[in-house]
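Structure assessment
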Amino acid sequence: TVCAADTYMDLYTAIEQLRPEYREVIKFYYLDDLSVKEIAQILNKNENTIKTQLSRARENLRSILEA
């Protein structure tokens, strides 16, 4: 079985492989627990842009982790 530390390191390594704008929204959303609206305000972007970036970031993470 895989221990939690290994899983965490795999996830962290995968996040670091994302494009900077995807990495940024993932960290704001999951690590800082900010809402899409809050992230949009911080980054001065449209909420729909943030939603799209989160979706694409998740897709990329899934691809990286499944490889």
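Below is a short write-up of the structure. If you're wondering where the values come from, they're calculated on a predicted model, not measured in any experiment. Along each chain, residue indices are assigned from 1 in the same order as the chain's sequence is written. Totals for whole chains, interfaces and linings use every residue, but because this is a predicted model, local features are given only for residues with pLDDT of at least 70 and side-chain atom pairs only at 80 or more, for both listing and counting. Excluded from the side-chain calculations are hydrogens and water; all other atoms, namely the structure's heavy atoms, are used.

**Some details on a nonpolar patch on the surface**
- Residues Tyr8, Met9 and Tyr12 make up a contiguous nonpolar surface patch of roughly 340 Å² in combined accessible area.
- Within the fold, Tyr12 resides in helix α1 (residues 4-16).
- Judged by relative accessible area, which is 39%, Tyr12 ranks as partly exposed. Patches were defined on residues exceeding 30% relative accessible area and lacking a salt bridge, with like-charge contacts within 9 Å and nonpolar side-chain contacts (Val, Leu, Ile, Met, Phe, Trp, Tyr) within 5 Å. Accessibility throughout is a Shrake-Rupley quantity obtained with a 1.4 Å probe, and a residue counts as covered only by protein chains that appear here. Here, a salt bridge means any side-chain nitrogen of Lys or Arg that lies within 4 Å of a carboxyl oxygen of Asp or Glu. For the purposes of this entry, the term helix denotes a DSSP run of H or I that reaches at least four residues, the term strand denotes a run of E that reaches at least two, and both are numbered from the N terminus. Remark: exposure states derive from per-residue accessible area (1.4 Å probe, protein chains only) relative to the maximum for the residue type, with buried under 20%, exposed over 50%, and partly exposed in between.

**With respect to the packing of helix α2 (residues 20-31) against helix α4 (residues 47-66)**
- An axis is simply a line fitted to the C-alpha atoms; with a helix, the fit covers only the stretch in contact. Between two such axes, the angle follows the N-to-C directions and lies from 0 to 180 degrees. Put simply, α2 and α4 touch, their axes get as near as 9 Å, and they point 100° apart. Taken together, the axes of α2 and α4 are roughly perpendicular relative to one another. Contacts from Glu21, Tyr22, Val25, Ile26, Tyr29 and Tyr30 of α2 reach α4 at Ile50, Gln53, Leu54, Arg56, Ala57, Arg58, Asn60 and Leu61.
- Tallied by class, the residues present in the contact of α2 with α4 amount to nine nonpolar, two polar and three charged. For classification purposes, angles smaller than 35 degrees are called roughly parallel, those larger than 145 roughly antiparallel, those between 65 and 115 roughly perpendicular, and all remaining angles oblique. In what follows, a contact means two residues having at least one pair of non-hydrogen atoms within 4.5 Å. For this scheme, ten residues count as nonpolar: Ala, Val, Leu, Ile, Met, Phe, Trp, Tyr, Cys and Pro. Four count as charged, namely Asp, Glu, Lys and Arg, and the remainder, Gly too, count as polar.

**Description of the packing of α1 against α4**
- Remark: α1 packs on α4, axes separated minimally by 9 Å, with the N-to-C direction vectors making an angle of 125°. With respect to each other, α1 and α4 are oriented oblique. As α1 packs across α4, the resulting crossing turns out to be right-handed. Together, Asp10, Leu11, Ala14 and Ile15 of α1 and Leu61, Ile64 and Leu65 of α4 make up the contact between the two elements. Take the far helix as the reference: if the near one is turned anticlockwise from it by less than a right angle, the crossing is left-handed, and if turned clockwise, right-handed.

**Considerations on α4**
- Between its first and last C-alpha atoms α4 spans 29 Å; for 20 residues at 1.5 Å apiece the expected length is 28 Å, and the two agree.
- Those residues of α4 that fall on the buried side of the exposure criterion are Ile50, Gln53, Leu54, Ala57 and Leu61. The buried residues of α4 occupy an angular sector of 100° when projected down its axis, which confines them to one face.
- The N-cap of α4, judged by a side-chain oxygen 2.7 Å from the amide nitrogen of Asn48 a few residues on, is Asn46. A helix is expected to span 1.5 Å for every residue after the first. By construction, the arc corresponds to the directions joining the helix axis to the C-beta atoms. N or O atoms within 3.5 Å of each other form a polar contact, as long as, within protein, one can give a hydrogen and the other can take it, and as long as residues adjacent in sequence are counted only when both atoms are side-chain atoms.

All quantities given are derived from atomic positions and should not be read as evidence of function.
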